[in-house]
Amino acid sequence: MKYVAPFTALVCALGLLGLQVVGGLEYTAGGTLYTQASMIAAMVAVAVMPLMIEWAWHHKAKGAAAAMSVALVAFLAYSLPATTGRTGEAKEAKANTAGKALEDKARVQADYDATKKLVDESNKWQPKACAGGVGKDCKSATFILNQRQASLEKLAKQLEGFQAAPPGDLGSSLWASVLRTDEETVRNGSILAYALGLEAGIFGLMWFFGRRLRAITETAPGKITDEEIKELKKVISNDTDPLPPTKAIVPDVTGSNIVPWAQAFRSEHGRAPRLDEVQAAFPEVARTTAYRRLKAA
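Caption draft 1: Structural view of the overall build of the chain. What the chain contains, in helices and strands, is 10 helices and 0 strands. In the chain, buried positions account for 26% of the 297 residues. Excluding contacts between residues fewer than 6 apart, the proportion of contacts in the chain whose partners are at least 24 apart in sequence is 69%. If you sum the accessible surface of the chain, you get close to 19000 Å²; carbon and sulfur atoms cover 63% of it.

Caption draft 2: Representation of a nonpolar patch on the surface. Taken together, the side chains of Leu174, Trp175, Val178 and Leu179 make up a nonpolar region of the molecular surface, amounting to roughly 440 Å² of accessible area. Position of Trp175 among the secondary structure elements: in helix α5 (residues 170-179).

Caption draft 3: Geometry of unusual backbone geometry. Even without glycine at this site, Lys60 takes up a positive phi of about 65°. By the secondary structure assignment, Lys60 is in the loop between α2 (33-58) and α3 (62-129).

Caption draft 4: View of the packing of aromatic side chains. As enumerated under the stated definition, the model contains 4 aromatic pairs in all. For the ring pair Tyr3 and Phe7, a centre distance of 6.4 Å and an interplane angle of 50° mean the geometry is tilted. With a centroid separation of 5.4 Å and an interplanar angle of 65°, the aromatic rings of Phe7 and Phe209 are classed as edge-to-face. Separated by 202 residues along the polypeptide, Phe7 in helix α1 (residues 4-27) and Phe209 in helix α6 (residues 183-219) bring together distant segments of the chain. Each member of the aromatic cluster is reached from another via a ring pair, and the members are Tyr3, Phe7 and Phe209. The ring of Trp57 carries Lys62 above its face, with NZ or CZ at 5.3 Å from the centroid.

Caption draft 5: Local environment of the packing of helix α8 (residues 258-269) against helix α10 (residues 287-296). Taken N-terminus to C-terminus, the directions of α8 and α10 make an angle of 55°; their axes are 9 Å apart at the nearest point. Of the possible angle classes, the one that applies to α8 and α10 is oblique. Viewed along their axes, α8 and α10 form a crossing whose handedness is right-handed. Here Ile258, Val259 and Ala262 of α8 lie close against α10, whose contacting residues are Ala290, Arg293 and Leu294.

Caption draft 6: Representation of the environment of Gln109 within the structure. In this structure, Gln109 sits in helix α3. The class of Gln109 is partly exposed, set by a relative accessible area of 32%. Between the alpha carbons of Gln109 and Ala156 there is a distance of 8.6 Å; along the sequence they are 47 residues apart.

Caption draft 7: Focus on the side chain of Thr115. Of note, Thr115 is situated in helix α3. Apart from the residues within four sequence positions on either side, Thr115 is in contact with Arg148, Ser151, Leu152 and Leu155.

Caption draft 8: Fine view of α2. End to end, α2 covers 37 Å across 26 residues, agreeing with the expected 38 Å (1.5 Å per residue, within 8%). Of all the bends found along α2, the most pronounced is centred on Val48 and spans about 35°, while Pro50, a proline, follows it within four residues. Taken residue by residue, α2 has Ser38, Met39, Ala42, Met43, Ala45, Val46, Ala47, Met49, Pro50, Leu51, Ile53 and Ala56 as its buried positions. Positive backbone phi, approximately 65°, marks Lys60, located one or two places after α2.

Caption draft 9: Geometry of the confidence of the model for the chain. Averaged over all residues, the pLDDT of the chain equals 78, while 78% of them reach at least 70. Note that pLDDT drops below 50 for residues 243-255; the model gives that stretch 9 contacts with residues more than four away or on any other chain.

Scoring rules and cut-offs
- Numbers given for residues are sequential positions, taken from 1 along each chain in its written order.
- Only residues with pLDDT of at least 70 get local features here, since the model is predicted, and only at 80 or more are side-chain atom pairs given and counted; chain-wide, interface and lining totals rely on the full set of residues.
- The side-chain numbers reported here are obtained from all heavy atoms of the structure, hydrogens and water having been left aside.
- Helix and strand definitions follow DSSP, with helices as H or I runs of at least four residues and strands as E runs of at least two, each counted in order from the N terminus.
- Only protein chains enter the area calculation, which uses a 1.4 Å probe; residues under 20% of their type maximum are buried, those over 50% are exposed, and those in between are partly exposed.
- Any two residues whose heavy atoms approach within 4.5 Å are treated as being in contact.
- Reported accessibility uses the Shrake-Rupley method at a 1.4 Å probe radius. Residues are deemed covered only where the shown protein chains occlude them.
- Only residues whose relative accessible area exceeds 30% and that form no salt bridge are eligible for patches; like-charged ones are grouped when within 9 Å, while nonpolar side chains (Val, Leu, Ile, Met, Phe, Trp, Tyr) are grouped when within 5 Å.
- When a carboxyl oxygen of Asp or Glu is within 4 Å of a side-chain nitrogen of Lys or Arg, the pair counts as a salt bridge.
- Working definition: rings of Phe, Tyr and Trp (its six-membered ring) pair if their centres are within 6.5 Å, and the pair is stacked with planes under 30 degrees apart, edge-to-face with planes over 60 apart, and tilted otherwise.
- Only when the NZ of Lys or the CZ of Arg is both within 6 Å of the ring centre and within 35 degrees of the ring normal is a charge said to sit over the ring.
- Lines fitted to the C-alpha atoms define the axes, with helices restricted to the stretch that makes contact. Angles between their N-to-C directions range from 0 to 180 degrees.
- Put simply, angles under 35 degrees are roughly parallel, angles over 145 are roughly antiparallel, angles from 65 to 115 are roughly perpendicular, and the rest are oblique.
- Left-handed is the label given to a crossing in which the near helix is rotated counterclockwise from the far helix by less than a right angle, and right-handed is the label when the rotation is clockwise.
- Expected span, for any helix, means 1.5 Å times one less than how many residues it has.
- Bend is computed residue by residue as the angle between axes fitted to the seven residues ending at the residue and the seven residues starting at it.
- For every residue, the predictor states its confidence as a pLDDT score lying anywhere from 0 to 100.

So this is what it looks like as structure tokens:
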């Protein structure tokens, strides 16, 4: 179960990175292979490079960390427009489609209203023209009335054919009214927030994966050889030089070099050092002394 959280974070990070790459490919559609490959490389570098910067800084390689930080900023400036551009294009297209549909319907409605007035006038004039019989004036008035009615019916069908106007960017409209600003400002702010959130999410998840996996690996118990176990048992069961009780440990042991070293080791790795690790760090110290001071730490 201890690996579930880090690998879940890795899967989520790769999923977000894949989503970003798709946006980058759409953004560079029609470009050369180099352009598309550059976009993907920049996005992958932005996701991975912060981990390398953190590793270099942790290992005192400040020059490498600074150089990679410059590269990170450059790649970020190159890849961000792809995410913001593609998202913004979709939002603007939706808003423009809604606006155009409303404009078209308003234009047809205006033509319908004007034609309806003409039809009403013809309906009043045609009976008067035909009152004296079907003469030249009657035929002319009837022809005009029929033409106007046909146009009115055509416009009525066009109005019926209009579906409900697409809602457009209702989220931007709502927030614009709440924040007392215009929809364009809200739309631009949300696009930028999405792009930055995506970058931060990818980095945060991958950083969690790396740190968590490293912690699990470093705190895992190391392997001790059979020879070390036998030697430790020999030291512990040595009747000629039995280990003193805790009270017999000299108080100044807590001020020796092994004690703070062991405490720093525990703080760094989350576990106490093994006896063989102490001896590797302090080869001049006797094994029994190293064991007593390790216990004291």
